[in-house]
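Residue-level structural notes
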Amino acid sequence: MKNSESCKIHFAGLFTNNTMIIDILTLFPGMFRGPFEESIIQKARERDLVRINIHNIRDYTHDKHRTADDRPFGGGPGMVMKPEPIFECIEKLRTEKSHVIYLTPQGRRFNQALARKLVRETHLLLLCGHYEGVDERVREALVDEEISIGDYVLTTGAVPAMIVVDAVVRLLPGVLGDAESAVQDSFTENLLDHPHYTRPEIFRGMRVPEVLLSGNHQRIAEWRREQALKRTKKRRPDILEEAKKDESENKID
Ligand SMILES: C[S@@+](CC[C@H](N)C(=O)[O-])C[C@H]1O[C@@H](n2cnc3c(N)ncnc32)[C@H](O)[C@@H]1O
């Protein structure tokens, strides 16, 4: 994984091929060692389907102590991330094709539909907050979209950024092989995924459903759809409701 040195990368001409560029701005570059160096994301990087650059926001400070935070105007607990280093870093990396995202619990809730929208971008710039978050002027002047990974508060934006990157990169064309195909994943058709089985046929007295051994592809497809529907109704009826709402709204349009 490249460290903050990657800020020195020259970006001219990066958008001429199909490589997605993801720049992540953080106070904790070390947190990203590991998650992007294993498995599917690592393979996608090796095949140059995605380039992920981690930038240390402190590298854009100019004082002896590399100060990236300060006390809030108006008083109160906690610190706020200073605007100057963030502006400097984003303004250096950003082009007219960039989509700048701030990870924040106050943002739009991340889901599969949003991952599918983001995979169409060529350059994602992910800003990870810390402390009480960033100075409001960063959001007003630089951020295109704010994303939350759920209704809870984490210590820093690194894990949320990793989640967004993982969900988006696996959707990039060519990243998943047949074995890991995203076609049948949960949420793809407003349904949770159906149950999966592999060998052995009988394990500790538990049998694989007969239909899956039948070789009848139509019956198998019907069974899977039925199971997916049943499972979604039971566990996540909200997804089905949401899909119905979208459908009727589209009809009105
Ligand atoms: C302690 S949080 C700040 C929370 C902030 N005071 C608020 O209530 O909105 C520090 C940073 O972690 C990240 N973060 C925490 N929870 C998050 C979530 N659910 N989704 C996305 N980012 C989150 C954000 O980047 C945030 O700036």
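A short tour of the structure in this document, coming up.

Some details on the pattern of salt bridges
All told, the structure shown has 14 salt bridges when counted by the stated rule. Its salt-bridge partner being Asp59, residue Arg66 comes within 3.3 Å of it at the nearest N-O pair. Taking the relative accessible area as the measure of exposure, Arg66 reaches 33% and is therefore partly exposed. For Asp59, a relative accessible area of 31% translates into the label partly exposed. Between Glu136 and Arg139 there is a salt bridge; the shortest N-O distance is 3.6 Å. One end of the pair, Glu136, and the other, Arg139, are both in helix H4 (residues 136–142), three residues apart, so they sit about a helical turn from each other. Taken together, the salt bridges that share partners define one network made up of Arg108, Lys117 and Glu145.

Here's the deal with the site of the ligand
Lining the immediate environment of the ligand, one finds 22 residues, of which Tyr102, Leu103, Gln106, Gly129 and Tyr152 sit closest. Gly150 places a polar main-chain atom, nitrogen or oxygen, 3.0 Å from a nitrogen atom of the ligand. Summarising the interface, the protein chains cover 87% of the accessible area of the ligand, which totals 580 Å² for the free molecule. Secondary-structure elements contributing two or more residues to the shell around the ligand are strand E5 (98–109) and strand E7 (145–148). Sorting elements by how many residues they give to the shell around the ligand places E5 first, with five residues. Partitioning the shell around the ligand into residue classes produces eleven nonpolar, ten polar and one charged.

Here we look at unusual backbone geometry
Going from Arg199 to Pro200, the amide bond is cis rather than trans, its omega being 5°. Looking at the element boundaries, Pro200 is found in the loop between helix H5 (158–169) and strand E8 (202–203). A positive phi angle, close to 50°, is found at Tyr131, a residue other than glycine. Along the chain, Tyr131 turns up in the loop between strand E6 (123–128) and H4. Look at Tyr131 and you get partly exposed, because its relative accessible area is 33%. The backbone phi angle of Phe187 is positive, close to 80°, even though this residue is not glycine. Here Phe187 lies in the loop between H5 and E8.

Conventions used here
Residues numbered from 1 in each chain as written. Predicted model: local features only at pLDDT ≥ 70, side-chain atom pairs only at ≥ 80, totals over all residues. Heavy atoms only, no water. Salt bridge = Lys/Arg side-chain N within 4 Å of Asp/Glu carboxyl O. Buried < 20%, exposed > 50% of the residue type's maximum accessible area, 1.4 Å probe, protein only. Helix = DSSP H or I, 4+ residues; strand = E, 2+ residues; numbered from the N terminus. Near = heavy atom within 4 Å. Polar contact = N/O pair within 3.5 Å; in protein donor to acceptor, adjacent residues only side chain to side chain. Areas by Shrake-Rupley, 256 points an atom, 1.4 Å probe, with all protein chains shown as cover. Nonpolar A, V, L, I, M, F, W, Y, C, P; charged D, E, K, R; others polar.

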